[in-house]
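Each chain is listed here by its residues.
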Amino acid sequence: MARRACPPASPGYPLRRFNPHDCVPLLERLFSTGRDALLEELPPPRLMCTHMPLSMLPPAVVDGNSASKIIYICRDQKDRLVSMWHFRKRNGSQDLPLQEM
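Here the structure is a predicted model, which means the values were calculated and not measured. (Residues numbered from 1 in each chain as written. Predicted model: local features only at pLDDT ≥ 70, side-chain atom pairs only at ≥ 80, totals over all residues. Heavy atoms only, no water.)

Describing the overall build of the protein
Selection rule: Secondary structure is summarised from DSSP: a helix means a run of H or I of at least four residues, a strand means a run of E of at least two, and numbering begins at the N terminus for each. Each residue is placed in one exposure class: buried if its accessible area under a 1.4 Å probe, protein chains only, is under 20% of its type's maximum, exposed if it is over 50%, and partly exposed if it falls in between. Here, residues are in contact when the closest pair of their heavy atoms is within 4.5 Å.
The secondary structure content of the protein amounts to six helices and zero strands. Seen in sequence order, the protein has helices and strands lined up from the N terminus as α-α-α-α-α-α. The burial tally for the protein puts 9% of its 101 residues in the buried class. Sequence-distant contacts, at least 24 apart, represent 16% of the contacts inside the protein between residues at least 6 apart.

Looking at helix H6 (residues 77-90)
Heads up, the condition is: One less than the number of residues in a helix, times 1.5 Å, gives the span that helix is expected to have.
For H6, built from 14 residues, the straight-helix expectation of 20 Å at 1.5 Å per residue is met to within 8% by its first-to-last C-alpha distance of 20 Å. Positive backbone phi, at 75°, marks Gly-92, one or two positions downstream of H6.

Looking at the pattern of salt bridges
Put simply, the test is: Just to be clear on terms, a salt bridge is a Lys or Arg side-chain nitrogen sitting within 4 Å of an Asp or Glu carboxyl oxygen.
Following the criterion strictly, the structure yields one salt bridge and no others. Asp-79 serves as the salt-bridge partner of Arg-75, at 2.8 Å between the closest nitrogen and oxygen. Overall, Arg-75 belongs to the partly exposed group, its relative accessible area being 42%. Note on Asp-79: relative accessible area 38%, which makes it partly exposed.

Shown next as structure tokens:
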């Protein structure tokens, strides 16, 4: 979104210094911490991420009449399971049954 201000080859490129999750605000976190007023302060175009299903987003966003664009990323379930197994193993909770995942 800001390639002109921060070209990917520059040493100050945000993804060279931060985790991608630190570069894009998580919508749920803004609301859970009471910082939802920050949404109005973000300069347009606003880029946010969320884990909410499409059905929970406001109708103004998903009705097709707004200027909002949605990129939906779906992860392969086998990949998700293997990733969760490695995460739990690394954090010492590998004894939890797989049904809870």
